[in-house]
Every structure is written in C-alpha cells, then in structure tokens.
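# Per-entry structural report
Here is how the chains run, residue by residue.
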Amino acid sequence: MMSVDTPSFAARRASRQPGLPEQVASYVRQLILSGQVKPGQFLRLEPICEAVGVSNTPAREGLQLLRSDGFVRMVPRRGFVVASFTRQDIRDLFWVQADIAGELAARAVSRISPERLARLDQIIVENNAAVAAGDGERIADLGHAFHREINLAADSYRLAVLLGSVVRQLPNRFYATIEERVGETVDDHPQIVEALRNGSTRTVRSLMKKHIINTAEYLIERLEAQGMWSDDFSGSA
C-alpha cells in the first residue's frame, strides 16, 4: 500500500534485488500471515531452503530478521518457533503507518510541485480506467505509485525510512490486496490530491490517516478468512 522510495532509493531500486535473507524472511512472513504455519509451531530449515532455493546460512539469517521483527522466537537448542501475531498487532501496525504517512502528506503540502500534482491526477485517471477494466493488479500498482509520489514530495528522508521499517512488517501482496479496494482508491485519492492542491495541511493529514487506518479491519477480515486465527483464541483481541 505505502511506498517509501526516496530519489536515491528509486534510482537503485530497478537494479537491486532483495538479498537472500530478505527473500527468506518474506517467504516465511507470508507463511505466518496466511495461517499456513501457526503460533508455537517450529520452523524447519530444510523445507524453507528448498522453497526459496537457498542454503542454511541465508535461511538462518532470514529467520533472524523475522526474530528482530517479532514474528519468530529462538528456543535454545531447538530452533525457531512462530510467535503469536494478533489482530491488535495488525491494528498497531496500521496506526503507526497512518501517523507517519499523514505527517509525510502534510509536509508535502508546501513542497509538492505542479508537475507532481499533474502526475497524481494522471494516476487517478489511470486508476479509474483500471477499475472499469477490473484490472486488480494494475489498481495495486497505481496505488503504490500514488503514495510514492506523495512521500517523495515530502522530501523527508528519515521519516520515510521509519515508515519503510513499519511497512516491511507485512508482505507486499497484502498491500496489493488492500489497494484493490475499489471504493477506497476511487473516493479517497482524489480528495487527498484536492487537499494537496488547496494547501490544506490539516485536511490532507486527516484524509491520509483515515485512508490508511481504515484498512486495518479490512486486512483482519482477509486474514481471518485465510484461517490465521482459526486455532488461536488468544489472538481474539
């Protein structure tokens, strides 16, 4: 959903692929958040290595990344075990995202150029066409581009990095699914652009925060449908 590219990141992005540990972390994170592995379940290295196509070393490094993010725990002499991940964890992640993204949007008000506003207008036009065509993948890509333009306009590198650290807590495919919510993109994005164009800092901050935080419950519903908490009554918060 949220893009946090800065000009330097954008220049490197096309030529840089995620490292092997990051690929492992992304793969296992998706297993956890899709309910394919449950809290308390030990993670075996062999199937992870086979699925991602890596050796034991990057697999362990990837699990260490997930450990630092709180997705897995290390049990001495036994290995890595899936940590609990509750509905409230989802809400917390989106609450933090909403606050940071809202501030970035507010900063963009005084810094956004007419050219970038024009690009945002074009993204909205293309999004409407994608909605009419029922092209979910295109809708997701345009959602990413929309937020990227605003974050770049804010010209706040450190804040964008902080946002990126939160965004990486969830797999990209979940953000893509969220951006496919037709009503949200069709209704919210034009309002955000209008507030940027009118120079309304308070309004654009409020609109961006609402746009993001409302997605938490939507994602929770999707994860429930995938069985994430089917056997975890402790995650009912």
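Residues numbered from 1 in each chain as written. Predicted model: local features only at pLDDT ≥ 70, side-chain atom pairs only at ≥ 80, totals over all residues. Heavy atoms only, no water.

Ranked by size, the top nonpolar core spans 61 residues in total, and within it I90, I150 and L196 carry the most contacts. When residues of this core are assigned to their parent elements, the largest contribution, nine residues, is made by helix α5 (residues 87–108). Residues contacting L196, with those up to four places away along its chain left out, are A105, A108, V109, I112, L117, L120, I150 and V204. (Core = buried A, V, L, I, M, F, W, Y, C linked by side-chain atoms within 4.5 Å. Buried < 20%, exposed > 50% of the residue type's maximum accessible area, 1.4 Å probe, protein only. Helix = DSSP H or I, 4+ residues; strand = E, 2+ residues; numbered from the N terminus. Contact = heavy atoms within 4.5 Å.)

For the rest of this paragraph, the subject is the pattern of salt bridges. Opposite charge on two side chains permits them to pair, given that their charged atoms come into close proximity. As enumerated under the stated definition, the model contains ten salt bridges in all. For the salt bridge of R116 with E149, the shortest nitrogen-to-oxygen distance reads 2.5 Å. Highlighted residues: R116 in helix α6 (residues 114–133) and E149 in helix α7 (residues 136–154), separated in sequence by 33 residues. The burial state of R116 is the same as that of E149; both residues are buried. As a salt-bridge pair, R138 and E126 come within 2.5 Å of each other at their nearest N and O atoms. Of this pair, R138 sits in helix α7 while E126 is found in helix α6, placing the two residues twelve residues apart along the sequence. Judged by relative accessible area, R138 falls into the partly exposed class, the value being 36%. (Salt bridge = Lys/Arg side-chain N within 4 Å of Asp/Glu carboxyl O.)

Before going further, it helps to examine the confidence of the model for the protein. Per-residue confidence for the protein gives a mean pLDDT of 85; residues scoring 70 or more make up 84%. Here residues 4–16 is modelled with pLDDT under 50, and outside its nearest four sequence neighbours on either side it reaches 19 contacts, counting other chains as well. Counting interchain partners and residues more than four positions distant, the pLDDT-below-50 stretch residues 233–237 has eight contacts. (pLDDT = per-residue confidence, 0-100.)

Here A108 is to be found in helix α5. Assessed through its relative accessible area of 0%, A108 is described here as buried. On a C-alpha basis, the gap between A108 and A153 in space is 5.1 Å, while along the polypeptide they are 45 residues apart. Apart from residues lying up to four places away in sequence, A108 is in contact with I150, A153, A154 and L196.

Another aspect to go through is the packing of aromatic side chains. Applying the stated criterion to the full structure yields one aromatic pair. The ring of F71 carries R29 above its face, with NZ or CZ at 5.6 Å from the centroid. (Phe/Tyr/Trp six-rings, centres within 6.5 Å; stacked < 30°, edge-to-face > 60°. Lys NZ or Arg CZ within 6 Å of the ring centre and 35° of its normal.)

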